[in-house]
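Analysis of the macromolecular model
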Amino acid sequence: MGKIVYSSTYASDDPTRATMPFLLAAGAIDRGHEPIIVLMGEAVYLMKDEVVNSIQGVGLPSLRELLDKVVQNDVPIYL
């Protein structure tokens, strides 16, 4: 299928928005696409364990769970 790029500039200041590129990438994996994630600005802090472990968007899976899925599926994450 196709390649899809998801980008974000949000981090712990807005947990729901910070989670969105990872949630969308996880969904793209399930549908056979090749997602790519680009993190800019404050969003680069999401790659720190203490930050990613503390992010929980409203009504969404934890960021840790979603990050683990994209990493297991070799999704490129660019900072």
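Here goes a summary of the coordinates provided.

Here's the deal with the overall build of the chain
Summing up its helical and strand segments, the chain has three helices and three strands in all. Walking the chain from its N terminus toward its C terminus, one meets helices and strands in the order β-α-β-α-α-β. Scaling as 2.2 N^0.38, a compact globule of 79 residues should have a C-alpha radius of gyration of about 12 Å, and the chain matches this with 11 Å. If you line up the chain on its principal axes, its C-alpha atoms span 35 × 25 × 20 Å. Here the chain, with 79 residues, has 35% of them falling under the buried criterion. Counting contacts in the chain only where the partners sit at least 6 residues apart, residues at least 24 apart contribute 71% of the total. Only carbon and sulfur atoms are counted for the fraction: they give 53% of the accessible area of the chain, which is about 4600 Å². Taking the average place of the 6 positive charges on the side chains of the chain and the average place of its 10 negative ones, the gap between the two points comes to 4 Å.

A closer look at the sheet that holds strand β2 (residues 34-39)
Spatially, three strands are ordered β1-β2-β3 in an open sheet, and the strand pairing comes out parallel. Two strands in the sheet have a free side with no partner beyond their single neighbour: β1 (3-8) and β3 (77-78). Summarising the sheet, β1 and β2 pair through six bridges and their orientation is parallel. Of the residues in β2, the one forming a bridge with Y6 is I37. Along the sheet face, helix α1 (residues 15-30) touches β1, β2 and β3 and points at about 170 degrees away from the line of β1.

Focus: the side chain of T19
Along the polypeptide, T19 turns up in helix α1. Residue T19 is classed as buried on the basis of its relative accessible area of 0%. For T19, the side chain forms a polar contact with the main-chain oxygen of P15, separated by 2.7 Å. Those residues in contact with T19, other than ones at most four positions away along the chain, are I55, G57, L60, P61, L63 and L66.

Comments concerning the nonpolar core
The nonpolar side chains of soluble globular proteins are, as a tendency, buried together. In terms of nonpolar packing, the biggest core is built from 20 residues, with F22, I37, L39, L46, L63 and V70 touching the most fellow members. Element by element, the count of residues in this core is highest for α1, at six residues. Those residues in contact with F22, other than ones at most four positions away along the chain, are I37, L39, L46, M47, L63, L66, L67, V70 and I77.

Some details on helix α3 (residues 63-72)
Buried residues of α3: L63, L66, L67 and V70, and no others. The arc enclosing the buried residues of α3, seen along the axis, measures out at 100 degrees, which places them on a common side. Against the buried residues of α3 lie α1, β2, α2 (49-52) and β3. Directly after α3, the chain includes D74, whose backbone phi takes a positive value near 55 degrees.

Rules behind the numbers
Residues numbered from 1 in each chain as written. Predicted model: local features only at pLDDT ≥ 70, side-chain atom pairs only at ≥ 80, totals over all residues. Heavy atoms only, no water. Helix = DSSP H or I, 4+ residues; strand = E, 2+ residues; numbered from the N terminus. Rg over C-alpha atoms; globule rule 2.2 N^0.38 Å. Buried < 20%, exposed > 50% of the residue type's maximum accessible area, 1.4 Å probe, protein only. Contact = heavy atoms within 4.5 Å. Areas by Shrake-Rupley, 256 points an atom, 1.4 Å probe, with all protein chains shown as cover. Lys, Arg positive; Asp, Glu negative; His and termini not counted. Charge placed at Lys NZ, Arg CZ, Asp CG, Glu CD. Pairing = 2+ DSSP bridges. Axes fitted to C-alpha atoms, helices over the stretch in contact; angles between N-to-C directions. Polar contact = N/O pair within 3.5 Å; in protein donor to acceptor, adjacent residues only side chain to side chain. Core = buried A, V, L, I, M, F, W, Y, C linked by side-chain atoms within 4.5 Å. Arc of directions from axis to C-beta.

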